[in-house]
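Structural overview for review
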Amino acid sequence: MLRMVKRTDMTSNKASLIRVLSILFALITAGLFIAIMGHNPIKVYSAMFMGAFGSTFRIKDTLIIAIPLILTSVGIMIAFKMKFWNIGGEGQILMGAFFASFIALNFDTLPKPLLLLMMFIAGFIGGGLWALLPAFLKVKFDTNETIITLMLNYIAIKWITYLQYGPWKDPKSMGFPKIANFSDAAILPKVFGIHMGWIITLVIVVIVSVMMKYSKKGYEISVVGESMDTAKYSGINVNRVILGALFVSGGICGIVGMIEASAVNQTLSASLSAGYGFTAIITTWLSALNAAVIIPVSILFAAMIKGGSFIQTAFQIPQAAANILQSIILFFVIGSEFFVQYKLVLKSSKKEGSV
Amino acid sequence: MQEEVFVQMNDICKTFGSVRANYNINFSVNKGEIHALLGENGAGKSTLMNMLSGIYKPDSGSIFIHGKEVKFNSPKDAINQKIGMIHQHYKLVEVQSAKANIILGQAGSLFVNEKKISSEIKAISTNYGIPIDPDKKVYNMSIGEKQSVEILKVLYQGADILIMDEPTAVLTPQETEKLFKIIRNMAKEGCAVIIITHKLHEVMAISDRVTVLHKGTTVATVKTKASSPKELTDLMVGKSVNLSIQRPQVKRGNAALKVADLMAYDQDKVKVLDGVSFDLFEGEILGVAGVVGSGQKELCEAIAGLYTVESGSIIYNDENILGLSPRAIIKRGITMSFIPEDRLGMGLVASMDMVDNYLLKAHHNQKGVFLKRKPIMTKCEHMIDQLEIKTPGVHHPIKQLSGGNIQKVLIGREIETNPHVLITAYAVRGLDIGASHTIYDLINDQKQKGVAILFIGEDLDVLLELCDRIMVLCDGRITGIVKSDTVTKEDLGLMMAGEAISC
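Residues numbered from 1 in each chain as written. Chains lettered and ligands numbered in written order. Predicted model: local features only at pLDDT ≥ 70, side-chain atom pairs only at ≥ 80, totals over all residues.

The name recorded for chain B in an unreviewed UniProt entry is ABC transporter ATP-binding protein, from Fusibacter ferrireducens.

Named according to an unreviewed UniProt entry, chain A is ABC transporter permease originating from Fusibacter ferrireducens.

Below, the structure is given as structure tokens:
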């Protein structure tokens, strides 16, 4: 019989080893799955890698996926630090994009820097307000934020779809349900071949890391996350901290929406969030809520997304199968946390106590 | 006459990581004996008893039960060897009856023969003189009754070796007396009883022998009759200590806090504070006595601005502070160090280090956006020196410190803020004598500085020695405010049970 025993002797080196091993085991398991489908696992893996990093063009593509992932992860990390389970990244991205698009479509005669700045601020406010809603409900009525943030995602998606099919439909699109493309002034310029969203992302990552670690507000967020009672006892205004943190958390997701609308889609569409809000939950969690670790983890996930779509065309592996690969890796990595905390001990079935 | 040895533990060693919790400990208990296990926090008492009850496995050494060597893999193995442990915090299912709790976890047939079980329980309870109603629901029981259920539970399991972890911590003096009678009955019936306790007078009153542990090793096993509280303390602390608590005479100042007609209800609309009125003066320690849950927590929280009060007033400096935010109250110089049952729940953040815990209140007064940790670090280091806090460093997570050290950090932090009114609740809960005296000294220092102190306590002896006046709460009502010079422990016990006494 197997028995769980809590580990007391875990060193950080050992923990890292377990995590690395878990990825290795995941690759082996997924390899079996690929073999069953009749492909050579090693070939598929190397193709995946090449698909993500094989050329400058592909690296750029991977990074373009990584940028929103990193930024969304950093955004929801702030809420997660507070143990406020914000899984409404999708909705906050879309509402940020909506606010930014409103500026882009209505003030396109403004000079480019001013227009982009206004879009940036609008994106932040849009995402922030959308996250403020569940925070307010939590503070006022102690609602479950997981459910509320999740449901708000779908409201946001449907809202954008409505705009796309109704009031904001581009009259020049010949009846196709599409919002008008942004003018040149509303599109983020490229720096070193990639849209300048990467600079915004790096700056925000640095600011958030510093604020969480060294600022009073960041400290209060951690205290609220660790113990609501302690926070109240020490005179922290818990409600204000929750509202403030969620506004920033959602605001950063809103900036993702602004970047994606401006630089990638160059318009607003309901599919613009592309699941980043959900994938970011995983990357944030795997990074142990550490902003610096979010960057490599997000790039890894972006590579998996990019490589996964590459092997679809290269090996005719259906997309569902590529998703299974991702899921297996996830399952192992998350499952490995169990072995960081516990070890399994074999227990003989006869009662040793009576020996 | 050769005594029958029930428990024999030889050369027990146990290390956790780099901490040597037990080192070559020898310990034995005879049939019919009441054996007290004494030691400071971190001396290794709990570790030793957890090995005896099958929760931990020793690294080396051997355990003999009833003369046979045993190796426990789980608490179940220990129960099979007739060892029962009664924990400090009762592990009962509140909505179930005493009977259901007693048979819980027993191997049995699919159907329960209620009548047979009831008669079995009755038999045990009359045998040991433990009064019980098997069909009473646990949530209707007093603390003492709950403890009886716990005791009956292990006796029903057939235990003849009982380990009791701080059994008197939450009892009134009268309840303690009843418990001692039960313990003596159990010993008379041939059980071996091991009591873990900090209270020396209880050791003297009940035990036959005492084993003293110090820093993970056995210091001595002595016959209680041949020893004295002074000798036991010296053995326990490892040096000579003065047992009496000082009560410096300080001229009483103005009333710092005037509480009048405080009424409060809990979520279920049950009255938790019922017309509480008292004055708290500068330079005095006002003790608050009462059975756990008599309104102490609500009173503290009401003063600190954390509990919503129905009516009444709390006047501080001619201002009613009722309704102010906790932060505003802290700013006015009223500070509270409340130590709840789990110690870490309210005053401190377990996973953070000392500096960050110090910052909990201090950061409100720092200017600017960023935290200033540097000056706090020096303050913390100063605090470590002054209060003799044992920690690897200021950046060590609080949760890894021992209970006593955690409490020192908490009280130290409150005192550092130079409060005008200091509220401490259960400041020495679970602390050993050495650490408790450090805390008493700290509180006395504050008193001499003219601070008004509300001291919520559990140990009546301590309250009588340390406090100038004692206020007794029962079911949220004040049953008396008395001078500690003129009141007896028995009177306090009666007031705690709800009888108003005029002194």
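We are not done yet, so read on.
Okay, the overall build of chain A next. If you tally the helices and strands in chain A, you get 13 helices and 4 strands. In terms of overall dimensions, chain A is globule-like: its C-alpha atoms have a radius of gyration of 23 Å, near the 20 Å expected for 355 residues. For the C-alpha atoms alone, the extent of chain A along its principal axes is close to 85 × 60 × 35 Å. Within chain A, contacts between residues at least 6 apart in sequence are counted, and of these 78% link residues at least 24 apart. (Helix = DSSP H or I, 4+ residues; strand = E, 2+ residues; numbered from the N terminus. Rg over C-alpha atoms; globule rule 2.2 N^0.38 Å. Contact = placed C-beta atoms within 7 Å.)

Turning our eyes to something else, we now look at the nonpolar core. Among the nonpolar cores identified, the biggest contains 179 residues, and A:M119, B:F455 and B:V472 are the most heavily contacted of them. Here this core gets 13 residues from one element, more than from any other, and that element is helix 10 (residues 238-265) of chain A. Beyond its immediate chain neighbours, meaning those up to four positions away, B:F455 contacts B:I285, B:L286, B:G287, B:V288, B:T424, B:I443, B:L466 and B:C467. Among the nonpolar cores identified, the runner-up in size contains 65 residues, and B:L52, B:I121, B:L155 and B:I194 belong to it. (Core = buried A, V, L, I, M, F, W, Y, C linked by C-beta atoms within 7 Å. Buried ≥ 20, exposed ≤ 12 C-beta atoms within 10 Å, placed from the backbone.)

The next subject is the sheet that holds strand 5 (residues 68-70) of chain B. All names here are of chain B. With antiparallel pairing, the 4 strands of this open sheet are ordered in space as 2-1-4-5. The open sheet has two edge strands, strand 2 (19-30) and strand 5, and neither has a second partner. When strand polarity is set aside, the average angle formed by the axes of neighbouring strands in this sheet is 25°. As defined by bridge partners, strand 1 (residues 5-16) adjoins strand 4 (residues 60-65) across 5 bridges and the pair is classed as antiparallel. In the sheet register, N10 faces strand 4, and the bridge partner there is S62. Helix-sheet contacts for helix 1 (residues 45-52) involve strand 1, strand 2 and strand 4, and the interaxial angle to strand 1 is about 120°. (Pairing = 2+ DSSP bridges. Axes fitted to C-alpha atoms, helices over the stretch in contact; angles between N-to-C directions.)

A word on the domain arrangement of chain B. Residue and element names in this part refer to chain B. Along its sequence, chain B is organised into domain 1 (5-89 + 159-237) and domain 2 (262-496). Look at where the C-alpha atoms of domain 1 and domain 2 centre, and you get two points 32 Å apart. Contacts between the two partners involve 14 residues from domain 1 and, on the opposite side, 19 residues from domain 2. The set of elements that each furnish at least two residues to the side of domain 1 that touches domain 2 consists of helix 6 (173-188) and helix 8 (229-237). (Domains from an automatic or database assignment.)

Along helix 9 (residues 296-303) of chain B, 7 of the 8 residues are buried, which leaves the element largely enclosed by surrounding structure. For helix 9 of chain B, the full list of buried residues reads B:Q296, B:E298, B:L299, B:C300, B:E301, B:A302 and B:I303.

All names here are of chain B. In space, the 6 strands of this open sheet follow the order 6-7-8-3-9-10, with mixed pairing throughout. Taken across any chain shown, the strands that pair with only one partner, and hence form the sheet edges, are strand 6 (83-86) and strand 10 (217-223). Between one strand axis and the next, the sheet turns through 20° on average, direction left out of account. In this structure, strand 9 (residues 209-214) lies alongside strand 10, joined through 6 bridges in antiparallel fashion. Considered in strand 10, the bridge of V210 is made with V222.

Averaged over every residue, the pLDDT of chain A is 88; the share at 70 or more is 95%. When the criterion is pLDDT under 50, residues 349-355 of chain A qualifies, and its contacts beyond four places in sequence or with other chains add up to 14 contacts. (pLDDT = per-residue confidence, 0-100.)

Right, let's talk about the pairing of strand 4 of chain B for a bit. All names here are of chain B. Where strand 4 lies against strand 5, 3 bridges are found, and the strand directions are antiparallel. If you follow F64 over to strand 5, its bridge partner there is E69. Following strand 4, the chain reverses through 2 residues before pairing antiparallel with strand 5; H66 in that reversal takes a positive phi of roughly 50°.

Residues and elements named next belong to chain B. With respect to the helices and strands, G498 occurs in the segment after helix 16 (489-496). A count of 13 C-beta atoms within 10 Å places G498 in the partly exposed class. Distance from G498 to I478, taken between C-alpha atoms, is 8.9 Å for residues 20 residues apart in sequence. Filtering out sequence-adjacent residues up to four positions away, G498 remains in contact with C474, D475 and T479.

Before going further, it helps to examine unusual backbone geometry. At A:A288, a residue that is not glycine, the phi angle is positive and equals roughly 55°. Topologically, A:A288 is positioned in the loop between helix 11 (276-286) and helix 12 (291-315). Residue B:H66 is not a glycine yet carries a positive backbone phi of 50°. For B:H66, the position within the fold is in the loop between strand 4 and strand 5. Looking at B:H66, the number of C-beta atoms within 10 Å reads 16, which means it is partly exposed.

Turning to its location among the elements, B:G105 is positioned in the loop between helix 3 (98-103) and helix 4 (114-128). Once the C-alpha coordinates of B:G105 and B:Q157 are considered, the two residues, 52 residues apart in sequence, prove to be 9.5 Å apart.

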